[in-house]
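Inside the fold
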Amino acid sequence: MTNKERMLNSQLYVANDPELRKDFKHGRVLTRLFNNTTEEQMTYQKELLKKLFGKVGEHVHIEPPFHTDYGLNTTIGENFYANYDCIFIDVGKITIGNNVMFGPRVGLYTAGHPIDATVRVEGYEYGYPITIGNNVWIGGNVVVNPGVTIGNNVVVGSGSIVTHDIPDNVIAVGNPCHILREINNDDKKKWETQKQAYITEMNAE
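Because the structure is a prediction, the values reported are computed rather than measured.

Here we come to empty space enclosed by the protein. In the structure shown here, the tally under the stated rule is 1 cavity of 30 Å³ or more. Size it by volume and the largest cavity reaches roughly 30 Å³. Lining the largest cavity are Lys4, Met7, Leu20, Asp23, Tyr70, Leu72 and Asn73. For the lining of the largest cavity, the residue count by class is 4 nonpolar, 1 polar and 2 charged.

Here is the structure:
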């Protein structure tokens, strides 16, 4: 296998490879162009994101600045929003579902380095994929570590360090991130009531 194939298959590889350097430069050029856009260039921003990512939905908005290694190894679904300073290290594949929101400075880090110092300084690396389900909200300054899967309908509290998989329908917080509680019908009733109150108030004006 090539170094790129090894990288995407979670095997040890060397990043100083012509094919990977080409892909890396492609990502850096597009993120530089994206980060230099203004709020009046949203159409151009979307064009750049379509070129940057392996696959991306039509309704996606990322606030500059944004940083990634390759971009090509990241797939993003529909209705995605990321606030400022998010970082996607997509040495491994990153898969993000539909209706996902990120607070500022969310980091998705698929990359890893050998614990043995001798092997590490020789330039060997590896990457494990990160998968995020549908209807997920990840708060500001959250770090998601290599190999983690976050399920559907999950809220991850700000500042959390996610080191293990998170199942569906929970609120998870902390360092290391752990399940705080399940999301239940009381949550749904509370927020539906507040939404209806908002609609009623706005219609009365």
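The next point concerns the pairing of strand 7 (residues 86–89). Pairing geometry for strand 4 (residues 66–68) and strand 7, over 3 bridges, is parallel. When the bridges of strand 7 are listed, Phe66 appears paired with Cys86.

Under the counting rule described, the total for this entry stands at 6 salt bridges. Asp187 serves as the salt-bridge partner of Arg181, at 2.8 Å between the closest nitrogen and oxygen. Given a relative accessible area of 15%, Asp187 falls into the buried group. The closest approach of N and O atoms between Glu192 and Lys188, which form a salt bridge, is 3.8 Å. On the criterion of helical spacing, the pair formed by Glu192 and Lys188 is a turn pair, its members being 4 residues apart in helix 5 (residues 185–204). Exposure remark for Lys188: the relative accessible area of 53% places this residue in the exposed category. One connected set of salt bridges, linked through shared partners, spans Lys188, Glu192 and Lys195.

So, about the pairing of strand 20 (residues 178–182). Pairing between strand 19 (residues 170–173) and strand 20: 4 bridges, direction antiparallel. Bridging from a neighbouring strand, Ile171 pairs with Arg181 of strand 20. Between the antiparallel neighbours strand 19 and strand 20 lie 4 residues, among them Gly174 with a positive phi of about 105°.

A separate point is a nonpolar patch on the surface. Side chains of Tyr198, Ile199 and Met202 sit close together on the surface and give an oily, nonpolar patch of about 290 Å² of accessible area. Inspection of the secondary structure assignment puts Met202 in helix 5.

Rules used in this analysis
- Residues numbered from 1 in each chain as written.
- Predicted model: local features only at pLDDT ≥ 70, side-chain atom pairs only at ≥ 80, totals over all residues.
- Heavy atoms only, no water.
- 1 Å grid on protein atoms, 1.4 Å probe; cavity = no way out; pocket = protein on both sides within 12 Å on 5 of 7 lines; lining within 4 Å.
- Points joined across faces, edges and corners; volume = space filled by probe spheres on them.
- Nonpolar A, V, L, I, M, F, W, Y, C, P; charged D, E, K, R; others polar.
- Pairing = 2+ DSSP bridges.
- Helix = DSSP H or I, 4+ residues; strand = E, 2+ residues; numbered from the N terminus.
- Salt bridge = Lys/Arg side-chain N within 4 Å of Asp/Glu carboxyl O.
- Buried < 20%, exposed > 50% of the residue type's maximum accessible area, 1.4 Å probe, protein only.
- Patch = residues over 30% accessible without salt bridge, like charges linked within 9 Å, V, L, I, M, F, W, Y side chains within 5 Å.
- Areas by Shrake-Rupley, 256 points an atom, 1.4 Å probe, with all protein chains shown as cover.

Interpretation note: all reported values are geometric properties and have no functional meaning in isolation.
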